[in-house]
Structures are given as C-alpha cells and as structure tokens.
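Inside the fold
Letter by letter, the chains look like this.
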Amino acid sequence: MPFPRVPLHAAMPLALALLTACGGGGASAPAPAPAPPPVQPAPTPPATHDVSVAGAAGARQQRLACNGVMAQPACALRIYQVMVESFVDRDPLADFNVGYGTSAHKGDLAGITASLDYIKSTGVNALWLTPIFLSAARPGQDVFADRLDATGYFASDYFKIDPRFGTLEQARTLVDEAHKRGLYVFFDGVFGHHKGGVAPSPGGLLPAGGSNPVDYSAPATLAFYREVATYWIEQLKIDGWRLDQAYQVPAAAWGSIRGAVEQASSATSYLDAGGVAVRPLGYMVAEVWQGESQIAAAAYGGANAPALLSAFDFPLRYRLLQTLAAEESGAAGRPASNLAAGFDTHAAYPDHAMPNLMLGNHDLVRFGDLVQRAGLGDPDGADYWLRHKAAFAFMAAYSGPITLYYGDEIGQEVPNYAARVQNDCANLGLCDDHVSRDNGVVDGVAGPALSASARDLKNHVAALLRIRAANPALAKGARTHVFSDSNVYIDRKDSGANRVLLVLNVKKQAARVTLEAAVVDGAAGLTDLVNEAALAPEAGGARFVVTVPPLSARLLRF
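My aim in this report is to walk through the structure given alongside it, one point at a time. Computed from a predicted structure; not experimentally measured. (Residues numbered from 1 in each chain as written. Predicted model: local features only at pLDDT ≥ 70, side-chain atom pairs only at ≥ 80, totals over all residues. Heavy atoms only, no water.)

Digging into the sheet that holds strand E8 (residues 240–243)
On the basis of which strands lie adjacent, the open sheet formed by 7 strands has the order E11-E8-E7-E4-E3-E15-E14 and parallel pairing. This sheet does not close on itself; its edge strands, each paired only once, are strand E11 (283–286) and strand E14 (357–358). In this sheet, E11 lies alongside E8 in parallel orientation, the contact comprising 4 bridges. By the bridge assignment, Arg-242 is partnered in E11 with Val-285. With respect to the sheet, helix H6 (residues 219–236) is in contact with strand E7 (184–189) and E8, its orientation differing from that of E8 by roughly 140°. This element, helix H14 (residues 452–470), spans strand E3 (78–82) and strand E15 (402–405) of the sheet and lies at about 165° to E15. (Pairing = 2+ DSSP bridges. Helix = DSSP H or I, 4+ residues; strand = E, 2+ residues; numbered from the N terminus. Contact = heavy atoms within 4.5 Å. Axes fitted to C-alpha atoms, helices over the stretch in contact; angles between N-to-C directions.)

Observations regarding the packing of aromatic side chains
Tallied over the full model, the rule gives 28 aromatic pairs. Ring plane angle 50° and centroid distance 4.9 Å describe the contact between Phe-96 and Phe-165, whose orientation is recorded as tilted. A residue pair is termed long-range when its members are at least 10 positions apart, and Phe-96 in the loop between E3 and helix H2 (109–114) and Phe-165 in the loop between strand E6 (157–161) and helix H5 (168–180) qualify at 69 residues. By relative accessible area, which is 8% here, Phe-96 ends up buried. On the accessibility criterion, Phe-165 (1% relative accessible area) is buried. Geometrically, the ring pair formed by Phe-159 and Tyr-231 is edge-to-face, given 5.1 Å between the ring centres and 90° between the ring planes. Residue Phe-159 is located in strand E6, and its partner Tyr-231 is located in helix H6; the two are separated by 72 residues in the primary sequence. No difference in accessibility class separates Phe-159 from Tyr-231, as the two residues are buried. Chaining the aromatic ring pairs together yields one cluster made of Phe-133, Tyr-158, Phe-159, Phe-187, Phe-191, Tyr-216, Phe-224, Tyr-225, Tyr-231, Trp-232, Trp-241 and Trp-254. Note that Arg-317 overlies the ring of Tyr-318, its terminal NZ or CZ placed 4.9 Å from the centroid. Above the face of the Phe-343 ring, Arg-479 is positioned so that its terminal group lies 3.8 Å from the ring centre. (Phe/Tyr/Trp six-rings, centres within 6.5 Å; stacked < 30°, edge-to-face > 60°. Buried < 20%, exposed > 50% of the residue type's maximum accessible area, 1.4 Å probe, protein only. Lys NZ or Arg CZ within 6 Å of the ring centre and 35° of its normal.)

See below:
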C-alpha cells in the first residue's frame, strides 16, 4: 500500500481583463495606455547565507532502542539492498528472462557472491536480498504472473530456493562468503500472503485461509511462519529478515515470530571475518509503507507488548527527498527545517522502536531520477552529485540502522526517465513502482566502467560509512536538534565522549554558521571528519565560524 502523498498542483493562471475606453464616434481613437512601471531588477541574493546559533533548539532524545545485546549492533547496521533478479548475472542456468523494470532479468545468487567484495567496499556491514524462495509457474499463467514470480514476493514454497535464482548450495556459499567479509545477511520474508497452493513446511504445517492475506486467527498460520523464520537461521545461519507488507500480520503474531527468531539465533553460531564464533544477529525490519501512526500500530505494537523492534522510516525518507530532490508526487523545494519535522514523527513510536532510514528501494524511484525530475541537476552537472553526497551525509548521522539501495552509491539513474513515461510503462519497465529495478552496475564485475563522478561518489559514500562506523555518536548517539531554517540544518550527536555535529546546507548558496561555544560545550577545537581539517575558535574561544559550501555537509567532532 503506498504512502499517502499530497499531489503537487500547478497554480492556476491569473485571468487578466483588458478594458479599452471607447469615445462617442466611430473615428475616435482609444485613450493612450498608461506607461508601464519601470521593471525592477530582481534582488541579488547575498553571496552567503549567514546564521548565528546560540544554543540547542530541541531536547536531547535517545533515538531509539540502542540498548541490549541485539540492539547495539543493529543500531549500527549499514545495509546494502539488492533486487536479486535484476542485479548481476553469473549463472547461465539461473535466469528469469522476464520481470518488472528495465534489467535483463538474469540476476542470480552467484552474481551476488561475485559482487561481495564490491559490496563490502561501499562501507556497508550487511546485505539484504529480495525474496529467493520458489514461485512455481502455473500452466498458462500470463506474463504479468511471470513478472511477479521474478520478484519473489508471492512464494509457492518457503523452504526451497527458486532454481531461477540458483541452488541451495549457492545460497549457502553466498551467506558463508558474506560472513567471512564481516557482512550480515538478511532474507526477505513475506509472511502475510503467498501464491496459493503453498507447500507444507518440513514439520507438515500450512497457513490457513486465503492466499492474500493469510488467516492469522488460525493457530496453524502462526506456527507455519514461525517455522519459516527459524528454518533459514538454522539451515544457512542468516542474520534475520526484512518483512514485506508487515501490516498484514497482527502485531501479536510479530511478537511471537520475533521471539522464535531470537531463540533460534541464540542457539546457533558462525565464524565472523576475524574467525571468531558469533551468533546470528536476529534483526527484523518491517515494511509498513504508510505514515507514522500506522507504522507504530502495525510494526512496533505497544510498549507493554512489543511486536517488532525496527521498521523503515518512510515519513523521514519522504521529507529528505522533498528537501534535497523531489518525492515521487513532485513535492520539492522544502526548507532544511523540513528534516526536523521528519524527526518529529518519531514521537509516535514506542521507546523500543528503532527506525531504519533509506533513500529508496525496489518500489521507489531512484534518488538520481528524482533529482532530474525536479529539474535540480543532471549527471553531467555538479549539483546532481552534490545532492547525493548531502543526502548520504544526513543518513550517515542518523541514529539507528540505514539502508542503501544498490546503485545509489554511484548515482545510478535511468536515462531520460525524468520525462515520466505515461503510456505502457509496465511493459517498458518504467512505472514509478519498479523503474529502479535496473541492471546492477558493479565496478570490475558487471556493467560499464564507472565515470569519474560515479567513482568519486562511491568513494565519498564509503568514507562517510567508515566515519559512521568509527564514531558511535552517529549511529547510536543521543540526538539534539540544534538549529534549522530555510538553508541550514544542524544536529548534535552524543555517545559518551564521542560528540559530533552535522551541519548540512541544503541550498545552492554558501552558508556561514557562527556557533556560540556553548553549543559544543566550550570545546577547544572542531575536527572535520571528512577532510580532517581543524577549526579553531574565534573571539577568544567564544565562538566558531563554520563555512559550508552549497549542497554540502560537514561532520565536526569536538
């Protein structure tokens, strides 16, 4: 179900009535029109947007459940999502050859394994695969059913790997090789619907009711999906699940399934990148593609009866796009303070909630295409790349897990898509809800060589994620909103002695921010974590002056 969006309506043109004065005779000429007023030149904006900040604007909050054995590493998750059928082809025996989107529809498990070194090089520490379970084709099904099978989101057998993705052993190799590189692995679980005629579990269980949605009032349904959730932890030692259309499953059932996942994870182990035995993480993140109140009810449950501990932060994602690009409806040009409003939505969540922020996914339009759609930049210009870097800097400073969609780290886009294909978009692969399912571009493995700008963005993203990993204040710290206006957004992050400021400029105008020393607890200096530049205080230690170029961010440790 789509997130409710407000359409952007064009302003109606103002109708002007031209009145002519006619005299008493046919030969009379109209009165001369008054001289138009002189044209006033548009005011020239100042070269720099100046801001003075004396103190914090908002109360400090611990966002959110960054406590406990599981939650500590989960808060620091940096997840890389791949759409399996569209990513990378390495196995000629594993092809769908049909699907939604513009890819060749030949992606497979072997292609992901071949790309693990690249994925690791982006700075992430986890991998999420879209569903890979068997979706058996029915005799005579149409091309749209074939395309749906390629997504994996309507399974026929939850306990078999679809041969068009690969084999069980290839799945095992992928998970093992990812673990050796220090990458968690999450499968995609569809626990609220299936294709129909679903195969029984190894324990002989079947879900009850219809196929979409299933009936959780029947105990057999919950028992079946508890078995699905634990089976792959026991068989392949996966680290948890992304949960599709989580609102289809009652919150109480999610609490039960989460308990089973945590128990199964505590009962097994694997060797991490250092050869040390660790237990699967047991992380579960819900997709509830709606507003914060629906996310709170459907994903998190109540404080006394927690359902899940994490869900995707759609409300903040839309505000991030409105501020630095455009959301799918066209809403754009919002001020920096719009980001603070996005964080305000977290007030709807219980204390155990751990939102997960992303720029996009397989059902959304790529950030780069949305930048172009709004007329804010193209890949041959600097602004396109600066907007990506600014968005990733905001994500790097987000308390809680974050998710990168494959290709966004290199500014991937669909050429000419900004024109919005209106006719036959499904057959052309150019509808909003699946245009981002294009061929994976993996440096040295698949696709064309990266441009200099794409390589620079990828290196910048990797640097930001390394900074995030090295500074617990960013992923796990308490957040204080310091300041925001039309151009500038400032947050302070604290985790013990680790303290970092995010200073983000969302406009095409340089900003000069004067910070009173109290904002940084009278620190003797600031260090830019990206370029390692040192900033000394001015006026005898009373303030710092921070310059921020257009469409840029600075992460300042103090």
